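Here's the letter readout for the chains.
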Amino acid sequence: MHIPDGYLSPATVAVSYAVALPLWVYGFRRLKAALNEETLPMIGAVTALSFVVMMFNIPIPGGTSGHAVGAALIAILFGPWVAAVAVSLVLLIQAVVFADGGISALAVNSLAMGYVGAFVGYGVFRLLRRRAFAPFAAGWCAAVASSLVVALVLGIQPVFWSEGGKPLYFPFGLSITIPALVGEHMAIFGVVEGIFTQVAYRFLTGKETAKEHS
């Protein structure tokens, strides 16, 4: 789901960073408040797990890739703000060290996989928290919602045309990006994310209900 450099217009990059920067600042404050001797090791562990699962990228039609993220799992355990910042840090490391996702696209990737994924996953889990399948549903919904954001952002890039009539950035419109990205995540990668979230949540917490976070 990582968007690389060169796919987004400067206008898209500027708007995405303008939206993401205040969310990062506030998110870091929430993360700092959540850190203590008890939570630090676990937050570090699940963030590292998110890093690992995101490294297994599978290319899909529509110009990007599919993979698990882990935002829903972290959000369920520690709240959506902590999850969003944790995933954003993972995306930054992957972009800088491994060139997996672009620096220019970091804000969009963070907003899609970090913030949207975390808050959607957390909201679904809270809604279904009395159900045994709540972690699976949270993971599936988080992955599909994130893919929709990426599909929408990529799909509007063809509006930026060169004088020669060729797209300057990502060339495929919404008619391709939405079915390709969202469809693949509904059928495959959302299921993978759901299973990962369900198994990891049960392993880390047993059958207890996660603490509620605001």
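See the structure above.
Conventions used here
- Residues numbered from 1 in each chain as written.
- Predicted model: local features only at pLDDT ≥ 70, side-chain atom pairs only at ≥ 80, totals over all residues.
- Heavy atoms only, no water.
- Helix = DSSP H or I, 4+ residues; strand = E, 2+ residues; numbered from the N terminus.
- Buried < 20%, exposed > 50% of the residue type's maximum accessible area, 1.4 Å probe, protein only.
- Contact = heavy atoms within 4.5 Å.
- Areas by Shrake-Rupley, 256 points an atom, 1.4 Å probe, with all protein chains shown as cover.
- Lys, Arg positive; Asp, Glu negative; His and termini not counted.
- Charge placed at Lys NZ, Arg CZ, Asp CG, Glu CD.
- Polar contact = N/O pair within 3.5 Å; in protein donor to acceptor, adjacent residues only side chain to side chain.
- Phe/Tyr/Trp six-rings, centres within 6.5 Å; stacked < 30°, edge-to-face > 60°.
- Patch = residues over 30% accessible without salt bridge, like charges linked within 9 Å, V, L, I, M, F, W, Y side chains within 5 Å.
- Salt bridge = Lys/Arg side-chain N within 4 Å of Asp/Glu carboxyl O.

Chemist: Could you clarify how one ought to interpret the overall build of the chain in this entry?
Modeler: A count of helical and extended segments in the chain gives seven helices and two strands. Along the first, second and third principal axes, the C-alpha set of the chain runs to 60 × 35 × 30 Å. For the chain, with 214 residues in total, the buried portion stands at 49%. Summarising the internal contacts of the chain: among those between residues at least 6 apart in sequence, 76% fall at separations of at least 24. When the accessible area of the chain is evaluated, it comes to approximately 10100 Å², of which 71% is carbon and sulfur surface. Positive and negative side-chain charges in the chain, numbering 11 and 9 respectively, have mean positions lying 12 Å apart.

Chemist: I tried to follow the side chain of Asp 100 on my own but got confused; where do I start?
Modeler: If you trace the backbone, Asp 100 turns up in the loop between helix 4 (80-98) and helix 5 (106-127). Not counting residues within four places of it along the chain, the set of residues in contact with Asp 100 comprises His 2, Met 54, Met 55, Asn 57, Gln 94 and Ala 95.

Chemist: How should the side chain of His 185 be read in this particular structure?
Modeler: Within the secondary structure, His 185 is located in helix 7 (residues 174-205). Of the polar contacts made by the side chain of His 185, one reaches the backbone oxygen of Leu 181; its length is 2.8 Å.

Chemist: Whenever I open this one, the packing of aromatic side chains confuses me. Can you help?
Modeler: Pairs of aromatic rings are described using the distance from one ring centre to the other and the angle between the two planes. The final tally for this structure, using the stated rule, is eight aromatic pairs. Between Tyr 26 and Trp 81, the aromatic rings sit 4.7 Å apart at their centres with planes inclined by 80°, giving edge-to-face as the arrangement. Here Tyr 26, found in helix 1 (residues 10-34), pairs with Trp 81, found in helix 4; they are 55 residues apart in sequence, far enough to count as distant. According to the relative accessible area criterion, Tyr 26 is partly exposed, its value standing at 37%. Ring pairing ties together the aromatic residues Tyr 26, Trp 81, Tyr 115 and Phe 119, which thus form one cluster.

Chemist: Before we go on, may I ask you to explain a nonpolar patch on the surface in this structure?
Modeler: Taken together, the side chains of Phe 28, Val 52, Met 55, Phe 56, Leu 89, Leu 92, Ile 93, Val 96, Val 97, Phe 98 and Ile 103 present a nonpolar region at the surface, about 990 Å² in accessible area. Looking at the nonpolar patch, the element that brings in the most residues is helix 4, giving six residues.

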